[in-house]
Amino acid sequence: MGFPLARNVRYRYFSSFLAPRVGQVRWYNHARGKTSDGTLLRAHDGVDVYAAKGTPLLAVVSGTIVDPATLWKPWNPARYGLTVVIQSDEPTSVGYRALYAHLDSVAVNIGQHVERGDVLGRLGITGNARGTNPHVHF
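Summarised in this report is the structure supplied together with it. Please read these numbers as outputs of a predicted model, since none were measured by experiment.

1. Quick notes on the overall build of the protein chain
Within the protein chain one finds 2 helices and 13 strands. Over its C-alpha atoms the protein chain spans a radius of gyration of 15 Å, differing by no more than 12% from the 14 Å that the globule rule assigns to 138 residues. Overall, the C-alpha framework of the protein chain stretches about 45 × 30 × 25 Å when taken along its three principal axes. When burial is assessed residue by residue, the protein chain has 40% of its 138 residues classed as buried.

Below you can see the structure in the form of structure tokens.
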């Protein structure tokens, strides 16, 4: 698997995987703790990689662009914003999926085949990332 940013891009990230988040827990989310009234808290199900808004995002695997709304139901575009999902066809990861959320723009279409390193879109702050620093939720 590759990295979603080019080698020369300045970026930062920290481990927030599984940190508790406000919002409804879906079957495809991890749950992480409960509120005082017993409501489950969803967990942060990814790694946020911070870089300049508009930074090109690269395919980490070769594969086909798939529609997240057909995979994860109900899909919540208000949470994820502009999103790209690649389903790998590489021999060591057939069927694995890589999700990129909060994009500023998308440069690929559902059903399109991409190669590792192809530009998928641009890093942004869409969905519930508005008001945060630009990043890709990977």
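2. Digging into the sheet that holds strand β2 (residues 20-21)
The strand order β2-β4-β3 describes an open sheet built from 3 strands, whose pairing is antiparallel. Each edge of the sheet is formed by a strand with only one pairing partner; in this case those strands are β2 and β3 (31-34).

3. Observations concerning the pattern of salt bridges
A pair can form between side chains of opposite charge whenever their charged atoms are brought close. Following the criterion strictly, the structure yields 2 salt bridges and no others. The partner of Lys53 in a salt bridge is Asp104, and the shortest N-O contact between them spans 3.7 Å. Of this pair, Lys53 sits in the loop between β5 (48-50) and β6 (56-58) while Asp104 sits in the loop between β9 (97-103) and β10 (105-106), placing them 51 residues apart in sequence. By relative accessible area, which is 49% here, Lys53 ends up partly exposed. The salt bridge partner of Arg116 is Glu90, with a shortest N-O separation of 2.6 Å. Taken together, the residues span a long stretch of sequence, with Arg116 in the loop between β11 (113-114) and β12 (119-122) and Glu90 in the loop between β8 (82-88) and β9 at a distance of 26 residues. Overall, the relative accessible area of 40% leaves Arg116 in the partly exposed class. Taking relative accessible area as the criterion, Glu90 reaches 11% and is therefore assigned buried.

4. So, the nonpolar core
Counting 19 residues, the largest nonpolar core has Ile86, Tyr100 and Leu120 as its most contacted members. Mapped onto this core, the elements with two or more residues apiece are β8 and β9. Here this core gets 3 residues from one element, more than from any other, and that element is β9. The residues touching Leu120, leaving out its near neighbours within four places in the chain, are Leu57, Leu58, Ala59, Ile65, Val84, Ile86, Tyr100, Val106, Ala107, Val108 and Val114. Counting 8 residues, the second-largest nonpolar core is a separate cluster that includes Tyr28, Tyr80, Leu99 and Ala101.

5. A look at the sheet that holds β12
Read across the open sheet, the 3 strands follow the order β6-β12-β10; overall the sheet is antiparallel. Taken across any chain shown, the strands that pair with only one partner, and hence form the sheet edges, are β6 and β10. In terms of strand pairing, β6 meets β12 through 3 bridges, oriented antiparallel. The residue of β12 that forms the bridge with Leu57 is Gly121.

Parameters and conventions
Residues numbered from 1 in each chain as written. Predicted model: local features only at pLDDT ≥ 70, side-chain atom pairs only at ≥ 80, totals over all residues. Heavy atoms only, no water. Helix = DSSP H or I, 4+ residues; strand = E, 2+ residues; numbered from the N terminus. Rg over C-alpha atoms; globule rule 2.2 N^0.38 Å. Buried < 20%, exposed > 50% of the residue type's maximum accessible area, 1.4 Å probe, protein only. Pairing = 2+ DSSP bridges. Salt bridge = Lys/Arg side-chain N within 4 Å of Asp/Glu carboxyl O. Core = buried A, V, L, I, M, F, W, Y, C linked by side-chain atoms within 4.5 Å. Contact = heavy atoms within 4.5 Å.

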